[in-house]
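Here's the letter readout for the chains.
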Amino acid sequence: MSDDGFRPSLDPREVPEPIRLAIGTLIVDCAAAIDGGQLERWPDYFTEACVYRIIARSEFDKGRPIGFLTCDNRAMLGDRIRAMRSANVFQPHVYRHVLSPPRILGQRAGAFEVETSYVVIRTAIPEGAMMVFSAGRYLDEIVLEAGTPRLRSRTVITDSDSIDMLLVMPI
Amino acid sequence: MSDDGFRPSLDPREVPEPIRLAIGTLIVDCAAAIDGGQLERWPDYFTEACVYRIIARSEFDKGRPIGFLTCDNRAMLGDRIRAMRSANVFQPHVYRHVLSPPRILGQRAGAFEVETSYVVIRTAIPEGAMMVFSAGRYLDEIVLEAGTPRLRSRTVITDSDSIDMLLVMPI
Amino acid sequence: MSDDGFRPSLDPREVPEPIRLAIGTLIVDCAAAIDGGQLERWPDYFTEACVYRIIARSEFDKGRPIGFLTCDNRAMLGDRIRAMRSANVFQPHVYRHVLSPPRILGQRAGAFEVETSYVVIRTAIPEGAMMVFSAGRYLDEIVLEAGTPRLRSRTVITDSDSIDMLLVMPI
């Protein structure tokens, strides 16, 4: 078969149990910090030097690194959250991530590469209208720092080409 | 960081494997009983003395215990199902829970505290229209009774403030 | 309790860890091949002699084997993909599966029976409109062939009675 870019999961026997569990915990905890509105926690799930970007699938597939957003280190993630807090005194929406079980794809340069499909449901407050805000996948590089798993890189690849231009919330 | 109420997962090494698996199984089986329409099974996933409530996130966050619904023991759960059966001879909707991997947050008074994000898709029968019926999270207290995991308490925290007033289906 | 067709999960202690992990990996990888558009990979997740069918829940519950689609072997799955490729030079939609943790229900004739709830979000390209395309469950028979897990049978049971008649994409 020609190279279509598909990456199957690693044989689970190649991933030690404690690492598999640590990876799974990191991914759900990171989403819980966003959904719970405890956004100041969110940068803690990244390494000091890190990459966080949100990019449309069509751009990602063309190999274009032009995303909706790119942050190059943990401090930028914190800046982003502070900007969001000052812009949105009263939060008009809440978010809910629902995640598939993560796929551990490989190891590279000391990190585990992990892909996780997500859907984010946005609920308007107080009216309660719900909509699919984003669907797509995370492509992560996860390292262990003194036993604590952290994101060295997270690429959020959105299935949709368009995204709310006023987006300030991390996905 | 100030206390923002965020609760990270327990270190997975602190949760014995059989307990982790038993918890995961309970949560998906309980949802399957609802989605499969085998609602008489649903109370079996609770302890005899139990709490089941559905509450809007905005109320929960304010510490108000006023929910859409509260049941105080397993018998009340059964009553609820019987009332639903008699009111809805022909079920006009079916439900589908899709759940994130559960987060085991801690242990308290002999129970594991577990949080699980969910989305429920409701499909109208026979037309087939689908909608997001509810998104939110379960906050559970799970105990082992003679090796069988059961919900001592389930709080369904809905992201939306409003919910179908004719709601009779458990979430 | 009368036989309502409900099937609880096997006690997790009855399922060896490597098998549980292999099953989980198969299910998420199979969805990833579809969502990634690498559809030629999809038949690889089935055994040579296999059954793949998509059937509405209302038909399935009545015991009627009349589905939207039935394939009886792996070659038919490949035919289906080729037909899809020739009919849709420019793919106007992308798909995203989000899956609950799988439920391992039992063993039968050398296979594990596994049920997984899913929701598929369809995104129109390039406009970006997102909708719930299908919600339902997989009912799978999974075997190990020389250590590799494969689907001997997959029944996709859609909650909705109606489905896009031009459906060519596997679910």
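Scroll up to find the structure this text is about.
To keep things clear, this report deals only with the structure shown in the data block. Values in this document were obtained by computation on a predicted structure and should not be read as measured data.

Focus on helix α1 (residues 17-35) of chain A
- Here α1 of chain A spans 27 Å end to end across 19 residues, near enough to the 27 Å set by a 1.5 Å rise per residue.
- Taking burial as the measure, the 19 residues of α1 of chain A include 16 buried ones, the bulk of the element.

Thoughts on the interface of chain B and chain C
- With 31 residues of chain B in contact, the opposing surface of chain C contributes 31 residues.
- A buried area of about 2,400 Å², summed over both sides, lies between chain B and chain C, and 58% of it is on carbon and sulfur atoms.
- For the chain B face of the interface with chain C, the top three residues by lost area are R41, R96 and M130 of chain B, together amounting to 25%.
- Our enumeration of links across chain B and chain C arrives at four salt bridges.
- Counting every contact that joins chain B to chain C gives twelve residue pairs in polar contact (both at pLDDT 80 or more).
- If you list the elements that add at least two residues to the side of chain B that touches chain C, you get α1 (17-35), β3 (93-99) and β5 (111-124) of chain B.
- The greatest single-element share of the side of chain B that touches chain C, amounting to nine residues, is contributed by α1 of chain B.
- Class assignment for the residues of the side of chain B that touches chain C results in 15 nonpolar, eight polar and eight charged.

Here's the deal with the relation of the copies chain C and chain A
- Note on the copies: chain C fits chain A at an RMSD of 0.0 Å, the axial shift is 0.0 Å, and the rotation between them is 120°. Here the two chains are linked by the operation of a three-fold rotation axis.

Structural notes on the relation of the copies chain B and chain C
- Rotating chain B by 120° and moving it 0.0 Å along the rotation axis overlays it on chain C with an RMSD of 0.0 Å.
- By residue overlap, the copies meet through two different surfaces: only 16% of the interface positions of chain B are interface positions in chain C.

Thoughts on the pattern of salt bridges
- Overall, the coordinates contain 60 salt bridges over all chains when judged by the stated rule.
- Between R13 of chain B and D11 of chain B there is a salt bridge whose closest N-O contact spans 2.7 Å.
- Classification of D11 of chain B as partly exposed rests on a relative accessible area of 27%.
- Within this structure, E17 and R20 of chain A, E17 and R20 of chain B together with E17 and R20 of chain C form a network of salt bridges that share partners.

Things to note about helix α3 (residues 74-87) of chain C
Residue and element names in this part refer to chain C.
- Under the 1.5 Å per step criterion, the end-to-end length of α3 is 20 Å for 14 residues, consistent within 8% with the ideal 20 Å.
- In this fold, the buried residues of α3 make contact with β1 (46-56) and β2 (69-73).
- Near the N-terminus of α3, the side chain that reaches the backbone nitrogen of A75, with its oxygen 3.1 Å away, is that of N73.

Points about the side chain of D159 of chain B
- Position of D159 of chain B relative to the elements: it lies in the segment after β7 (148-158).
- By relative accessible area, which is 1% here, D159 of chain B ends up buried.
- A distance of 3.0 Å separates the side chain of D159 of chain B from the side chain of R96 of chain A, its partner in a polar contact.
- Side chain to side chain, D159 of chain B and R57 of chain B meet in a polar contact 3.5 Å long.
- Aside from chain neighbours lying at most four places away, what touches D159 of chain B is V94, Y95, R96, T123 and I125 of chain A together with R57, A135 and G136 of chain B.

So, the interface of chain C and chain A
- Across the boundary between the two partners, chain C contributes 31 residues, which contact 31 residues of chain A.
- Across the chain C-chain A interface, the total number found is four salt bridges.
- For D29 of chain C, the salt bridge is made with R103 of chain A, and the minimal N-O distance between the two is 2.8 Å.
- Remark: the boundary between chain C and chain A carries twelve residue pairs in polar contact (both at pLDDT 80 or more).
- Elements that contribute at least two residues to the side of chain C that touches chain A include exactly α1 (17-35), β3 (93-99) and β5 (111-124) of chain C.
- Considering only residue class, the side of chain C that touches chain A consists of 15 nonpolar, eight polar and eight charged.

Cut-offs and rules
Residues numbered from 1 in each chain as written. Chains lettered and ligands numbered in written order. Predicted model: local features only at pLDDT ≥ 70, side-chain atom pairs only at ≥ 80, totals over all residues. Heavy atoms only, no water. Helix = DSSP H or I, 4+ residues; strand = E, 2+ residues; numbered from the N terminus. Expected span 1.5 Å × (residues − 1). Buried < 20%, exposed > 50% of the residue type's maximum accessible area, 1.4 Å probe, protein only. Contact = heavy atoms within 4.5 Å. Buried area = accessible area lost by both parts, 1.4 Å probe. Salt bridge = Lys/Arg side-chain N within 4 Å of Asp/Glu carboxyl O. Polar contact = N/O pair within 3.5 Å; in protein donor to acceptor, adjacent residues only side chain to side chain. Nonpolar A, V, L, I, M, F, W, Y, C, P; charged D, E, K, R; others polar. Least-squares fit on C-alpha atoms with pLDDT ≥ 70 in both.

Remember, this is a structural readout, not a statement about activity or role.
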